[in-house]
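So you can see what is in the structure, the chains are spelled out below.
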Amino acid sequence: MPYAIELRDISKRFGAVQANKDICLQVPAGTIHGIIGENGAGKSTLMSIIYGFYEADTGHIEVDGKRVDIRSSQDAINAGIGMVHQHFMLVENFSVLENVILGAEGGAVLKNGIGAARLELQRLAHEYSLDIDVDAIVEELPVGLQQRVEILKALYRGARILILDEPTGVLTPQEADHLFRILKALKEQGVTVLLITHKLREIMASTDNVSVMRQGEMVAHRETVNTSTEDLAELMVGKKVRLTVHKDDAQPSDVLLSAKNLSQFDSQGVKRLKNVSLELRAGEILGIAGVSGNGQSELLNVLSGITPMDEGEIHFAGQVINAKAPKNAAQMRDLKMAHVPEDRHKMGLVTGFEAYEAAVLGYHNSPVYNGKILMNRKAMLDECNERMAAWDVRPPNPHLKTANFSGGNQQKIVIAREVEQNPEVLLIGQPTRGVDIGAIENIHEQIVKLRDSGKAILLVSVELDEIMALSDRIIVMFDGAVVGELDAKDADERTLGLMMANAFNEEEGVSA
Amino acid sequence: MSQAKVPAWVNVALIPLLNILLAFLVSGLVILAIGENPIEAAGYLIYGAFGYDEGIGYTLYYATNLIFTGLAVSVAFKGGLFNIGGEGQAYIGGLGVGLICLSLDHTMPLYVIAPLAVIGAAVFGAAWGYIPAYLQARRGSHIVITTIMFNFIASSLMVYLIVNWLKEDGRMAPNSRTFEENAWLPYLHELFSPLGINIGDSPLNLSFIWALLCCVFVWGLVWHTRWGYQLRTLGTNPTAARYAGIDTAKVTIWAMLISGGLAGFVGLNEIMGVNHNLLLNFTAGYGFAGIAVALMGRNNPIGIILAAILFGALYQGGAELAFELPTITPEIVVVIQGLVILFSGALEHMFKDRIEGFFIRRAVA
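Residues numbered from 1 in each chain as written. Chains lettered and ligands numbered in written order. Predicted model: local features only at pLDDT ≥ 70, side-chain atom pairs only at ≥ 80, totals over all residues.

Caption draft 1: Region of interest: the domain arrangement of chain A. Looking at chain A, the domain boundaries give domain 1 (5–237) and domain 2 (255–354 + 422–508). If you average the C-alpha positions of domain 1 of chain A and of domain 2 of chain A, the two centres end up 33 Å apart. (Domains from an automatic or database assignment.)

Here is the structure:
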């Protein structure tokens, strides 16, 4: 029996970067095939080649044993390939139905197409048990259902091979479980699924076969039943890695920062942060768990002075900060609060700057970096060189544009900048997002070291593993409010997952 | 992921040169189409711009205005602001210069008037940039729209002021009286002749030197001061600027003040350097051409000087060309200028990626 999809010696180069090198892959029909690899291993490039966003330099693709020439996403759709992107490609203010027929409207007049689509969607929903209200407006649906719309969209176009790119990044553990049930159902109907992820647990839980990519090459193929997370992790990074953080028990002492009933409204007047109170103690890591978009970013922005609060107050460094007496980000820094933002590209760095310039962002007014009139370039460069050596930033070139460092090295530049200021309180958001495993370990160690030196750390992460491994105390946020607090020792994935979906009380019948 | 480096000269010299060559090639086709010999035309153009002392003087005189407006556009652009109002700011800057000269030329010597005129040009130009800046920073109106509008307001205001208040009594021409000679900026040929250097008579005057000093000032300000750091942060990543605690409204307003002030210096060259009276429409589109100059000069002072000289050469050489070959009208010269802008600005990426790719591959191999 021919393979549903087969790649033969696919290579792709971007300038100096060999993104894919002689990739061979065979995916039997009706299986779920996982592809794992670190960020930058070439997974996304490979999928983009299959889906026609890029053309391979060499090699070719076969679908059902026949060679296909995929030059555009339309070619891919015609070959029966569908893709669910990491960031959904949906028109938010359209209904589910309108989104599904987008690009396949079936003629100039919408009416006929919509009628046919409604019937077809009902059939698909029934066949694959993908229930959804086809007239709902997409932006009003929870993320899990939006993803279902993406899957329906692909199936509606006749996809027999479905590619999912990091599908669980935005989902709660419960939603993720649901997704995997759907994938199983699809598989039973003969659909072939390609699952791209860097989460080993998902691979183990849901796939039949798994292929591992490292630095642009396909380094191993395994049957899932014959492998283990440790085995896969080792294949991914090429060396033994530690998936846990070694740290002693916390020795929390004085409260360094306390926030009382913080609330913040967005420009539309929607309350994004709802009466959040918390205390940060010296020598303790407080983790904020929650599905992305439930007020964590707003909390970080308010605490760090980027957005003013509308209600409540912060007690910090002997000052009372409230809506009447706000402090901006520069003033908070002067009070020795450091902030590693969640999104280093959007906020933490100026990617067009050379590394030594980005390495003083926020501290650019410090006398250390300034002469009377001009900035002291030499001081900036010397310090950047020192820090690059101390933090093992590669390449250690202060003149390289920040954009040209890998994610992990960019993050090291940001964390070094904030930590080296010797802050009393460190706010740190998604410290290891888009960072490869080797660097994750290093970053985690630095965070624990800072805690042990008696600083207070507020950690926001959507990675539950990270929250559980690093935190001493965990707060869970949902819809802008704190819905629970627990000692890290008592936390397990299931409890946290339920709290994150705010379903803890209903399902367990106990209070959090 | 390794990142090979493209040699600097490729970006700084090779690509702009290729773009200009292509623009001239297409211009050649246009000239061929109207029945003239492109080689001959190019000869007239180049000779007119660089072939003799007076020609060079004129080229640099035009370039002076373009350096001022190019710098103005680039400072605003470094802060992420598209200042389309250079024309109006230059016009009002000229008003500042004119008022200083008209009120002091009977009583004060040049060394008093000149610095005051510099301040007048900067303050008036900056004031005209301030209102759109304030509206953007504090009220959220878009600066592109407001600066365009302010060009028209400046134009009407100048007509009103000159016709009703500043016009010389008993004359029909809409301009002020001619300043006394002690309010004239010295021509460079006058300054050089006592040294025994003869550079030919042209309108090139002291404001050219001031333009070069402004380039140094902008270079230092943008790349070597804290304020410049904040400006560039705001211009490339406004979210990062807020994260860094930069007062974005304040930086925006100051960027436009400096931008407007630089544009205002066109008035020094035109009013105090050449015309010696306050007149209508002396800005003649320099404010808009400054956008092209900044674009082509990649918002870098050295690039802006080179681009300004290129455009100055097109103005001067183009005038010579239209004079020598009557079938080539001034409009055709505008077409050539337009093609240069098109190829070096709008179509910048046509070759860029391919050439960079070539050098990266070569560096890797």
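Caption draft 2: Representation of the interface of chain B and chain A in the model. At the junction of the two partners, chain B supplies 21 residues and chain A supplies 28 residues. Residues that form the side of chain B that touches chain A fall into these classes: eight nonpolar, eleven polar and two charged. (Contact = placed C-beta atoms within 7 Å. Nonpolar A, V, L, I, M, F, W, Y, C, P; charged D, E, K, R; others polar.)

Caption draft 3: Seen up close, helix α8 (residues 207–224) of chain B. Residues and elements named next belong to chain B. A rise of 1.5 Å per residue sets the reference length of α8, with its 18 residues, at 26 Å; its end C-alpha atoms lie 25 Å apart and thus fit the reference within 8%. For α8, every residue scored as buried is listed here: Ser207, Phe208, Trp210, Ala211, Cys214, Val218 and Val222. Burial along α8 is one-sided: seen end-on, the buried residues are contained in an arc of 140 degrees. Facing away from the buried side of α8 by over 90 degrees, the exposed positions are Leu213 and Val216. In this structure, the buried side of α8 is in contact with α3 (53–78), α7 (188–192), α9 (226–236), α11 (248–264), α12 (266–275) and α14 (301–324). (Helix = DSSP H or I, 4+ residues; strand = E, 2+ residues; numbered from the N terminus. Expected span 1.5 Å × (residues − 1). Buried ≥ 20, exposed ≤ 12 C-beta atoms within 10 Å, placed from the backbone. Arc of directions from axis to C-beta.)

Caption draft 4: The arrangement of the nonpolar core in detail. If you look at the biggest cluster of nonpolar residues, it comprises 190 residues, and the most contacted ones within it are Ile457, Leu459 and Val476 of chain A together with Phe68, Ala117, Val293 and Ala308 of chain B. Top element by residues in this core is α3 of chain B. It accounts for 14 residues. Residues contacting Val293 of chain B, with those up to four places away along its chain left out, are Leu66, Thr69, Gly70, Ile304, Ala307, Ala308 and Phe311 of chain B. Within the second largest apolar cluster, 60 residues are counted, among which are Ala79, Val149, Met218 and Leu232 of chain A. (Core = buried A, V, L, I, M, F, W, Y, C linked by C-beta atoms within 7 Å.)

Caption draft 5: Looking closely at the pairing of strand β17 (residues 425–429) of chain A. All names here are of chain A. The buried fraction of β17 amounts to five of the five residues, a majority that puts the element mostly inside the structure. Side chains of β17 alternate between two faces, with Val425, Leu427 and Gly429 and Leu426 and Ile428 buried alike. Where strand β16 (residues 337–340) and β17 come together, four bridges link them in parallel fashion. Residue pairing across strands places Val340 opposite Ile428, the latter belonging to β17. Across five bridges, the pairing between β17 and strand β18 (residues 456–460) is parallel. If you follow Ile428 over to β18, its bridge partner there is Leu459. For the crossover from β17 across helix α15 (residues 437–452) to β18, the handedness is right-handed. (Pairing = 2+ DSSP bridges. Right-handed = clockwise from strand over helix to strand, strands pointing away.)

Caption draft 6: Broad picture of the packing of helix α4 (residues 86–104) of chain B against helix α13 (residues 286–296) of chain B. All names here are of chain B. Remark: α4 packs on α13, axes separated minimally by 6 Å, with the N-to-C direction vectors making an angle of 130 degrees. In terms of axis orientation, α4 runs oblique to α13. Crossing handedness for the pair α4 and α13: right-handed. Between α4, through Gly86, Glu87, Gly88 and Ala90, and α13, the contact on the second element is made entirely by Tyr286, Gly287, Phe288 and Gly290. (Axes fitted to C-alpha atoms, helices over the stretch in contact; angles between N-to-C directions. Parallel < 35°, antiparallel > 145°, perpendicular 65-115°, else oblique. Left-handed = near helix turned anticlockwise from the far one by under 90°.)

Caption draft 7: Unusual backbone geometry, seen in detail. Residues and elements named next belong to chain A. In this chain, Arg394 is followed by Pro395 through a cis amide linkage whose omega measures -10 degrees. With respect to the secondary-structure elements, Pro395 resides in the loop between α13 (377–390) and α14 (407–419). Phi is positive for Asp64, which is not a glycine, with a value near 50 degrees. Tracing the backbone shows Asp64 in the loop between β4 (58–63) and β5 (66–68). Exposure remark for Asp64: the 17 C-beta atoms within 10 Å place this residue in the partly exposed category. One non-glycine residue, Ala317, adopts positive backbone phi at about 50 degrees. Using a count of 15 C-beta atoms within 10 Å as the deciding quantity, one classes Ala317 as partly exposed.

Caption draft 8: Geometry of the sheet that holds strand β14 (residues 311–316) of chain A. All names here are of chain A. Judged by pairing direction, the sheet is antiparallel, and its four strands sit side by side in the order β12-β11-β14-β15 without closing on themselves. The sheet is open, and its two edges are formed by β12 (271–281) and β15 (319–322), each paired on a single side. Strand-to-strand twist across the sheet, computed as the mean angle between neighbouring axes with direction ignored, equals 15 degrees. Inspection of the sheet shows β14 paired to β15 by four bridges, in the antiparallel sense. From the neighbouring strand, His315 faces β15, where its bridge partner is Val320. Relative to the sheet, helix α9 (residues 296–303) contacts β11 (255–265), β12 and β14, its axis offset from that of β12 by approximately 60 degrees.

Caption draft 9: The arrangement of the sheet that holds strand β9 (residues 209–214) of chain A in detail. Residue and element names in this part refer to chain A. On the basis of which strands lie adjacent, the open sheet formed by six strands has the order β6-β7-β8-β3-β9-β10 and mixed pairing. Across the chains shown, the open sheet's two edge strands, defined by having one partner strand only, are β6 (81–84) and β10 (217–223). Across the sheet, the mean angle from the axis of one strand to that of its neighbour is 20 degrees, orientation sign disregarded. Here β9 pairs with β10 via six bridges, running antiparallel. Counterpart to Arg214 in the pairing with β10 is Glu217. Together, β6 and β7 (161–165) form the strand contacts of helix α5 (residues 143–156), whose direction differs from that of β6 by roughly 165 degrees. The sheet contacts of helix α6 (residues 173–188) involve β3 (32–36), β7 and β8 (192–197), and relative to β8 the element is tilted by about 150 degrees.

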